[in-house]
Amino acid sequence: IRHVALFDSSAGYDILSFSPDGNVKKIEVKTTKGGRTTPFYISINEITTSADDSQNFWLYRLFEFDETNERNPYFALNGSVEDLFHLKAVTFKARAK
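As a starting point, this report considers the structure included with it.

1. Observations concerning the sheet that holds strand 4 (residues 74–78)
Right, on to step 1. With mixed pairing, 4 strands are arranged side by side in an open sheet as 1-2-3-4. Edge positions in the open sheet fall to strand 1 (15–18) and strand 4, since each of these has one partner strand only. If you compare each strand with its neighbour and ignore which way they point, the axes differ by 30 degrees on average.
Right, on to step 2. As paired elements, strand 3 (residues 57–62) and strand 4 share 5 bridges and run antiparallel to each other. When the bridges of strand 4 are listed, Leu62 appears paired with Tyr74.

In structure tokens:
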């Protein structure tokens, strides 16, 4: 298991892991204090990574997060973020003309 985001912010996921059968798992973790359906931010790089390697991409969604609680609710979904969530563009990259 490797916390990739610590040394490669362009990887498109946070953690490199493996399933019990040895398959690669690229894990992106998203956390909010709100409920299960609370919207969260995700980068275009993370979305692209999930689409390019949907079989190995996993999104772990922690919600109702409480730092004082050792057990926080979460769910994990495998596949392309575009297939799993409704996406709304909220940020743009601008370059001078």
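2. What to know about the packing of aromatic side chains
Right, on to step 1. Applying the stated criterion to the full structure yields 3 aromatic pairs.
Right, on to step 2. Seen from their ring centres, Phe40 and Phe85 are 5.3 Å apart, and the 90 degrees between their planes marks the pair as edge-to-face. Linking Phe40 in the loop between strand 2 (24–31) and helix 1 (44–52) with Phe85 in the segment after helix 2 (81–84), this pair joins segments that are 45 residues apart in sequence.
Right, on to step 3. Considering the side-chain rings of Phe63 and Phe75, the 6.0 Å spacing of their centres and the 45 degrees angle between planes classify their relative orientation as tilted. In this pair, Phe63 sits in the loop between strand 3 and strand 4 while Phe75 sits in strand 4, placing the two residues 12 residues apart along the sequence.
Right, on to step 4. With relative accessibility at 13%, the residue Phe75 sits in the buried group.
Right, on to step 5. For the cation-ring pair, Lys25 lies above Trp58, with the distance from its terminal atom to the ring centre recorded as 4.4 Å.

3. Looking at the pattern of salt bridges
Right, on to step 1. By the definition in use, this model includes 3 salt bridges.
Right, on to step 2. The partner of Lys26 in a salt bridge is Asp53, and the shortest N-O contact between them spans 3.0 Å. One end of the pair, Lys26, is in strand 2; the other, Asp53, is in the loop between helix 1 and strand 3, with 27 residues separating them in the sequence. Per residue, the accessibility class of Lys26 equals that of Asp53, and both read buried.
Right, on to step 3. When salt bridges with common partners are traced through the structure, they connect Glu28, Lys30 and Glu46 into a single cluster.

4. Considering the side chain of Lys30
Right, on to step 1. Its location among the elements puts Lys30 in strand 2.
Right, on to step 2. Side chain to side chain, Lys30 and Glu28 meet in a polar contact 3.2 Å long.
Right, on to step 3. Contact partners of Lys30, with chain neighbours within four places excluded, come to Phe40, Tyr41, Ile42, Glu46, Leu59, Tyr60, Arg61 and Leu62.

5. A closer look at the nonpolar core
Right, on to step 1. Of all hydrophobic cores here, the largest spans 10 residues; its members are Val4, Ala11, Tyr13, Leu16, Phe40, Ile42, Ile47, Phe57, Leu59 and Val81.
Right, on to step 2. In this view, Phe57 contacts Gly12, Tyr13, Lys26, Glu28, Glu46, Thr49, Ser50, Leu77, Asn78, Gly79 and Val81; residues no more than four positions away in its chain are not counted.

The rules we used
Residues numbered from 1 in each chain as written. Predicted model: local features only at pLDDT ≥ 70, side-chain atom pairs only at ≥ 80, totals over all residues. Heavy atoms only, no water. Pairing = 2+ DSSP bridges. Helix = DSSP H or I, 4+ residues; strand = E, 2+ residues; numbered from the N terminus. Axes fitted to C-alpha atoms, helices over the stretch in contact; angles between N-to-C directions. Phe/Tyr/Trp six-rings, centres within 6.5 Å; stacked < 30°, edge-to-face > 60°. Buried < 20%, exposed > 50% of the residue type's maximum accessible area, 1.4 Å probe, protein only. Lys NZ or Arg CZ within 6 Å of the ring centre and 35° of its normal. Salt bridge = Lys/Arg side-chain N within 4 Å of Asp/Glu carboxyl O. Polar contact = N/O pair within 3.5 Å; in protein donor to acceptor, adjacent residues only side chain to side chain. Contact = heavy atoms within 4.5 Å. Core = buried A, V, L, I, M, F, W, Y, C linked by side-chain atoms within 4.5 Å.

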